[in-house]
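So you can see what is in the structure, the chains are spelled out below.
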Amino acid sequence: MRNWFKLISMAAVIITGALLIYGTHDMPAWGDPDSPANSHVSPRYITEATKKTATPNIVSAVLADYRSYDTLGESAVIFTASISCFFLLRRIRNKEDHND
Amino acid sequence: MSDQLPALIIVAPLLGAFLTPIIGWWNRHLSHPWVLMVLTIPLYAAYSSLFKVIKNGPFGYNLGGWAPPWGIEYRIDYLSAMMLVLITTIGFLAAINAKSAGNTEFKGKEAQFYTLFLLQITGFLGIVITGDLFNVFVFLEISSLSGYGLIAHGEEGAPMATFNYIIIGTIGASFYLLGVGYLYMATGSLNIADLATLLPALYHSKMVLVGFAFFTTGVAIKMGLFPLHIWMPDAYTTAPNSVSTLIAPLMTKVAAYLLIRILFTLFKPDFALSVVPIATILGWLAVAAIVVGGVKALAQTDIKRMVTYIMVAEVGYIVMGISVMNRAGLTGAILHIINDACMLLCLFLVIGAISFKGHGREIYHFQNLNKKMPLTMAAFVIVALSMCGIPPACGFFSKWYLIMGTIVAKQWVFTATLLASSLINAVLFFRIIEKAYLAPPEDVAAGLDHTEAVIITRDKVPLTMIVPILISAAIILILGPLSGKIIETVIQHAVPAIF
Amino acid sequence: MTEYILAKYNYWIYVVLMMIGLYAMMGKRNLVKKLIGMNIFQTSIILLFVSTGVKKGGATVPILMHAGHEHGAQLIQVSDYLNPLPHVLMLTAIVVSIATTGVALATLILIYKRYHTLEEDEILAIRRESRAYKTPRILNPTD
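Residues numbered from 1 in each chain as written. Chains lettered and ligands numbered in written order. Predicted model: local features only at pLDDT ≥ 70, side-chain atom pairs only at ≥ 80, totals over all residues. Heavy atoms only, no water.

Enquirer: Could you clarify how one ought to interpret the overall build of chain A in this entry?
Expert: On a plain count of helices and strands, chain A comes out with five helices and zero strands. The 100 residues of chain A split such that 46% are buried. Carbon and sulfur atoms provide 60% of the accessible area of chain A, an area that totals close to 4900 Å². (Helix = DSSP H or I, 4+ residues; strand = E, 2+ residues; numbered from the N terminus. Buried < 20%, exposed > 50% of the residue type's maximum accessible area, 1.4 Å probe, protein only. Areas by Shrake-Rupley, 256 points an atom, 1.4 Å probe, with all protein chains shown as cover.)

Enquirer: How should the interface of chain A and chain C be read in this particular structure?
Expert: Accessible area lost on assembly of the parts is the figure often given for the size of an interface. At the interface, 51 residues of chain A touch 55 residues of chain C. A combined buried area of about 4800 Å² lies between chain A and chain C, and 76% of that area is made up of carbon and sulfur atoms. Considering only the surface of chain A that becomes buried against chain C, Phe5, Trp30 and Ile46 of chain A emerge as the three largest contributors, covering 17% of it. On the surface where chain A and chain C come into contact, there are zero salt bridges. Going through the elements one at a time, helix 1 (2–24), helix 2 (36–39), helix 3 (42–53), helix 4 (58–66) and helix 5 (68–93) of chain A are the ones with two or more residues in the side of chain A that touches chain C. Along the lines of polarity and charge, the residues of the side of chain A that touches chain C split into 32 nonpolar, 12 polar and seven charged. (Contact = heavy atoms within 4.5 Å. Buried area = accessible area lost by both parts, 1.4 Å probe. Salt bridge = Lys/Arg side-chain N within 4 Å of Asp/Glu carboxyl O. Nonpolar A, V, L, I, M, F, W, Y, C, P; charged D, E, K, R; others polar.)

Enquirer: Would you take a moment to explain the nonpolar core for this structure?
Expert: Buried together is how nonpolar side chains tend to be arranged in soluble globular proteins. Residues and elements named next belong to chain B. Tyr236, Leu266 and Phe267 are the most contacted members of the largest nonpolar core, which totals 264 residues. By residue number, the principal contributor to this core is helix 14 (residues 327–356), which donates 19 residues. The residues contacting Phe267, other than those within four sequence positions of it, are Leu183, Leu199, Tyr203, Val208, Phe212 and Ile262. (Core = buried A, V, L, I, M, F, W, Y, C linked by side-chain atoms within 4.5 Å.)

Enquirer: What should I look at first to understand the pairing of strand 1 (residues 59–62) of chain B in this one?
Expert: All names here are of chain B. Covered by surrounding structure in strand 1 are Phe59 and Tyr61 only, the residues Gly60 and Asn62 on the alternate face being uncovered. In terms of strand pairing, strand 1 meets strand 2 (residues 73–76) through four bridges, oriented antiparallel. Residue pairing across strands places Tyr61 opposite Tyr74, the latter belonging to strand 2. (Pairing = 2+ DSSP bridges.)

Enquirer: I'm lost on the packing of aromatic side chains in this one. Help?
Expert: Each pair of aromatic rings is reported with the distance of its centres and the angle of its planes. All chains considered together, the criterion is met by 26 aromatic pairs over all chains. Relative to Phe137 of chain B, the ring of Phe134 of chain B lies with its centre 5.7 Å away and its plane at 40 degrees, an arrangement referred to as tilted. With Phe134 of chain B and Phe137 of chain B both in helix 5 (residues 133–152) and three residues apart, the pair spans about one turn of that helix. Judged on exposure class, the residue Phe134 of chain B and its partner Phe137 of chain B are both buried. Ring plane angle 25 degrees and centroid distance 4.5 Å describe the contact between Phe267 of chain B and Phe271 of chain B, whose orientation is recorded as stacked. Connected via pairs of aromatic rings, a cluster forms that spans Tyr69 of chain A together with Tyr61, Tyr74 and Phe139 of chain B. For the cation-ring pair, Lys52 of chain B lies above Phe59 of chain B, with the distance from its terminal atom to the ring centre recorded as 4.3 Å. Over the aromatic face of Phe87 of chain A sits the side chain of Lys109 of chain B, whose NZ or CZ is 5.5 Å from the ring centroid. (Phe/Tyr/Trp six-rings, centres within 6.5 Å; stacked < 30°, edge-to-face > 60°. Lys NZ or Arg CZ within 6 Å of the ring centre and 35° of its normal.)

Enquirer: Which parts of the structure should I look at to understand helix 10 (residues 241–266) of chain B?
Expert: Helical periodicity: at 3.6 residues per turn, an α-helix aligns residues three or four positions apart in one direction. Residues and elements named next belong to chain B. Given a rise of 1.5 Å per residue, 26 residues ought to cover 38 Å, and the 36 Å separating the end C-alpha atoms of helix 10 matches this to within 8%. Within helix 10, the axis deviates most sharply at Ile247, by approximately 30 degrees, and proline Pro249 lies no more than four positions further along. With respect to burial, helix 10 is a largely interior element, 25 of its 26 residues being buried. (Expected span 1.5 Å × (residues − 1). Bend = angle between axes of the 7 residues up to and from the residue.)

Enquirer: Would you mind going over the interface of chain B and chain A with me for this structure?
Expert: Contacts between the two partners involve 56 residues from chain B, matched on the other side by 40 residues from chain A. When chain B packs against chain A, close to 4400 Å² is buried across both sides, 69% of that on carbon and sulfur atoms. Summed over the shared surface of chain B and chain A, the result is one salt bridge. For the salt bridge of Arg67 of chain A with Asp132 of chain B, the shortest nitrogen-to-oxygen distance reads 2.8 Å. Summed over the shared surface of chain B and chain A, the result is 12 residue pairs in polar contact (both at pLDDT 80 or more). Those elements giving two or more residues to the side of chain B that touches chain A turn out to be helix 1 (5–26), helix 4 (110–129), helix 5, helix 6 (158–187), helix 7 (192–198) and helix 8 (206–223) of chain B. Tallying contributions element by element places helix 5 of chain B first for the side of chain B that touches chain A, with 10 residues. (Polar contact = N/O pair within 3.5 Å; in protein donor to acceptor, adjacent residues only side chain to side chain.)

Enquirer: So what exactly am I meant to see when it comes to the pattern of salt bridges here?
Expert: Opposite charge on two side chains allows them to pair when their charged atoms are near. All names here are of chain C. In this structure the tally under the stated criterion is 14 salt bridges over all chains. Across the pair Asp121 and Arg29 runs a salt bridge whose closest N-O atoms are separated by 3.2 Å. Remark: Arg29 occurs in the loop between helix 1 (2–27) and helix 2 (31–52) and Asp121 occurs in helix 5 (residues 120–130); sequence separation between them is 92 residues. When salt bridges with common partners are traced through the structure, they connect Arg29, Lys34, Glu120 and Asp121 into a single cluster.

Enquirer: I tried to follow unusual backbone geometry on my own but got confused; where do I start?
Expert: The bulk of non-glycine residues show a negative phi, and the bulk of peptide bonds are trans. Backbone geometry at Ala54 of chain A places phi at a positive 60 degrees, although glycine is not the residue there. Mapped onto the secondary structure, Ala54 of chain A falls in the loop between helix 3 and helix 4. Positive phi, normally seen in glycine, also occurs at Met325 of chain B, with a value near 60 degrees. Looking at the element boundaries, Met325 of chain B is found in the loop between helix 13 (303–323) and helix 14. Residue Met325 of chain B is classed as buried on the basis of its relative accessible area of 11%.

Enquirer: Hey, could you run me through a nonpolar patch on the surface in this one?
Expert: On the surface, Met1, Ile5, Leu6, Tyr9 and Ile13 of chain C cluster together into a nonpolar patch covering about 520 Å² of accessible area. Along the chain, Met1 of chain C falls in the segment before helix 1. (Patch = residues over 30% accessible without salt bridge, like charges linked within 9 Å, V, L, I, M, F, W, Y side chains within 5 Å.)

Enquirer: Help me out: how do you make sense of the packing of helix 6 of chain B against helix 9 (residues 231–238) of chain B in this one?
Expert: In helix packing, the relevant descriptors are the interaxial angle and the interaxial distance, both defined with respect to the helix axes. Residues and elements named next belong to chain B. Contact geometry of helix 6 with helix 9 gives a least axis separation of 9 Å together with a crossing angle of 140 degrees. What the angle tells us is that helix 6 and helix 9 run oblique. When the axes of helix 6 and helix 9 are compared, the crossing they make is left-handed. Every residue of helix 9 that contacts helix 6 at Ala158, Ala161, Tyr165 and Ile168 is listed here: Trp231, Asp234, Ala235 and Thr238. Considered class by class, the residues forming the contact of helix 6 with helix 9 number six nonpolar, one polar and one charged. (Axes fitted to C-alpha atoms, helices over the stretch in contact; angles between N-to-C directions. Parallel < 35°, antiparallel > 145°, perpendicular 65-115°, else oblique. Left-handed = near helix turned anticlockwise from the far one by under 90°.)

Enquirer: Honestly, the packing of helix 5 of chain B against helix 6 of chain B in this entry has me stumped. Any pointers?
Expert: Residues and elements named next belong to chain B. For the pair helix 5 and helix 6, the least separation of the axes is 10 Å and the interaxial angle reads 180 degrees. Here helix 5 is positioned roughly antiparallel relative to helix 6, judged by the angle of their axes. For the pair formed by helix 5 and helix 6, the contact residues are Leu133, Phe134, Val136, Phe137, Glu141, Tyr148, Ile151 and Ala152 on the first element and Ala158, Pro159, Thr162, Tyr165, Ile166, Gly169, Thr170, Ala173, Tyr176, Leu177, Val180 and Leu183 on the second. Of the residues that constitute the contact of helix 5 with helix 6, the class distribution is 16 nonpolar, three polar and one charged.

Enquirer: Would you mind going over the environment of Ile171 of chain B with me for this structure?
Expert: Structurally, Ile171 of chain B can be placed in helix 6. When the C-alpha atoms of Ile171 of chain B and Gly218 of chain B are compared, they prove to be 7.3 Å apart, with 47 residues separating the residues in sequence. Filtering out sequence-adjacent residues up to four positions away, Ile171 of chain B remains in contact with Ile221 of chain B together with Leu22, Met25, Met26 and Phe41 of chain C.

Enquirer: In this structure, what is going on with the side chain of Thr89 of chain B? I would like to understand it.
Expert: All names here are of chain B. With respect to the element layout, Thr89 can be found in helix 3 (residues 78–105). Polar side-chain contacts of Thr89 include one of 2.5 Å to the backbone oxygen of Val85. Filtering out sequence-adjacent residues up to four positions away, Thr89 remains in contact with Leu43 and Tyr47.

Enquirer: Quick question: what am I supposed to make of the side chain of Asn425 of chain B here?
Expert: Along the chain, Asn425 of chain B turns up in helix 18 (residues 412–438). Among residues more than four places away in sequence, those in contact with Asn425 of chain B are Glu314, Tyr317, Met387, Cys388 and Lys399 of chain B.

As structure tokens, this is what we get:
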């Protein structure tokens with residue numbers, strides 16, 4: 001039973017890995033400056049970000065301005081996780097009610 | 001002001017969630033009215049967005065004023081506006097219900113509970129409203145993380161079920177992220193509309209094919225499609241009742257929405273029709289889901305667990321409607337997203353009320369329950385009729401379109417599965433209804449007068465529970481006759497024009 | 001052939017890392033090992049994303065060097081700086097992975113308090129003993 005189960009997970013892992021490696025066949029070569037990822041959206045960040053946001057650090061400019069909504073979501077994720085942990089673990093530490 | 005309405009849909013519950021711990025810390029009895037107050041804003045904004053879409057067609061909203069492929073945009077079309085209305089309505093009803101159940105299930109921790117509750121709704125809304133693939137991932141994680149926290153607080157087996165859910169859910173989210181990565185490497189863009197124009201030239205690229213495979217697998221995990229449903233019954237059965245009322249109807253539906261988006265907006269329908277055999281795969285998985293879900297549901301004696309297996313079958317319905325790839329099928333699938341969400345909401349509300357009154361969830365506990373909780377059981381009967389597909393209730397109409405879709409596609413096995421599943425649902429629900437209504441009364445032996453018993457228990461179900469139950473039952477009855485109108489004004493525009 | 005391998009080998013390394021993580025998540029019976037597998041899996045995706053932003057040929061980190069000057073804008077060559085977008089995305093993904101790990105650890109604490117073990121087989125045995133309430137194993141195909 002247990003070996004069978006491990007075999008199944010192994011098969012799933014190998015299928016996943018094979019699929020991913022199959023996908024790399026058409027990928028642009030590593031470090032290619034003209035790959036779609038480096039030439040479609042991102043050049044405008046490099047040429048424009050400093051002018052528009054007055055920040056020399058382009059990563060910060062994109063993080064906190066162009067895609068600041070993602071960053072809002074990111075802080076919400078941290079908030080969610082902290083509240084989740086607080087929610088799950090609080091009773092164990094302290095049974096009495098703090099709120100009145 | 002009305003130009004900023006789409007932003008309010010996310011910002012209001014998010015800011016509300018940030019403020020809830022403070023309000024709850026000040027006075028924890030205020031957190032429930034506060035949540036209801038906060039939720040009215042996205043409710044209003046969602047309805048006005050829907051009317052705006054019906055009047056003027058789809059519209060976008062650029063966050064921070066950055067043009068789409070560089071910044072993030074909201075994209076509100078017929079389908080997403082419909083989903084926004086669905087999520088806010090169900091979220092609001094579940095929030096009303098959370099008062100009595102939540103206050104006993106999470107005594108002393110109401111503030112954190114309501115915070116996570118709001119974040120959960122924010123996550124669902126964020127997935128639906130955004131037009132950016134990576135942003136979908138961020139909000140998917142907000143909804144998943146708050147779901148993990150809420151579910152783990154449930155009964156005996158909940159932490160273990162949650163841990164399994166975390167592991168499988170993270171695999172799903174990571175697969176989705178891998179899909180985003182592969183598409184990003186192929187095109188260099190993250191915006192759904194931009195990708196939709198770039199991708200047709202690349203449909204035969206291996207990168208895009210693999211990206212598509214990982215997208216659909218990730219979404220199927222979140223949706224609980226048949227072989228990947230194993231986390232779902234455990235997680236939703238052990239979850240606290242006020243939590244499963246919110247998450248169970250919506251999580252699968254939001255994932256189904258994502259699947260429709262990926263298949264018909266991100267990729268054009270001809271990708272699924274001619275490039276990959278995804279329709280065939282999804283169709284047979286749907287058949288398996290309906291059969292396995294139905295059979296496993298028959299084997300359960302715990303009604304909450306039974307409903308989670310019915311959910312597995314219902315996911316199969318939606319996926320089957322998508323997989324037949326014609327107008328009737330997809331109309332049925334989208335209509336079933338609405339109907340099934342309302343039916344599951346009502347079912348979980350009823351289960352919540354029954355558990356709240358201290359009755360067990362096993363089928364034999366339902367004996368003569370109609371005398372103890374007449375209104376709740378009446379709502380249950382309405383859901384049961386709807387689930388079996390009996391006309392005035394809404395379940396009939398979506399099933400009608402689904403069956404039409406399978407007939408148009410000449411997939412007779414699918415048609416047979418749908419019909420058989422209705423029969424299974426009839427057996428499932430009528431064995432409970434029979435126990436509740438037709439079993440010999442036990443209170444006669446106890447010397448109780450019937451009317452007296454009714455009055456006593458009717459007073460005991462709190463108003464915050466019975467009102468959402470009755471509203472959701474009414475919605476189920478109203479949606480049925482209205483479904484023609486819904487299809488005419490919303491769904492027919494959401495179905496891609498090629499069909 | 002060598003060129004092909006040189007162009008792709010880093011992607012393959014991430015795929016192997018991913019497979020290790022995925023196997024640990026599905027095949028291991030210890031819950032902490034599953035969690036570690038989850039972290040490996042997420043980290044490999046982060047590496048995959050970051051590596052798409054690499055540009056060969058003297059590109060450097062995307063921080064402009066002459067930003068203070070008036071005419072600085074004309075001097076910017078796109079090929080001089082790495083692609084900033086994957087870095088931004090992965091900052092978010094790192095946060096997400098940490099948050100998930102945190103919540104998972106919290107549930108592990110709850111599990112340990114209840115069963116006094118983190119071995120899945122032992123937990124299942126305890127639950128089978130304590131009541132007839134059974135849970136399907138993760139990825140158990142018979143279920």
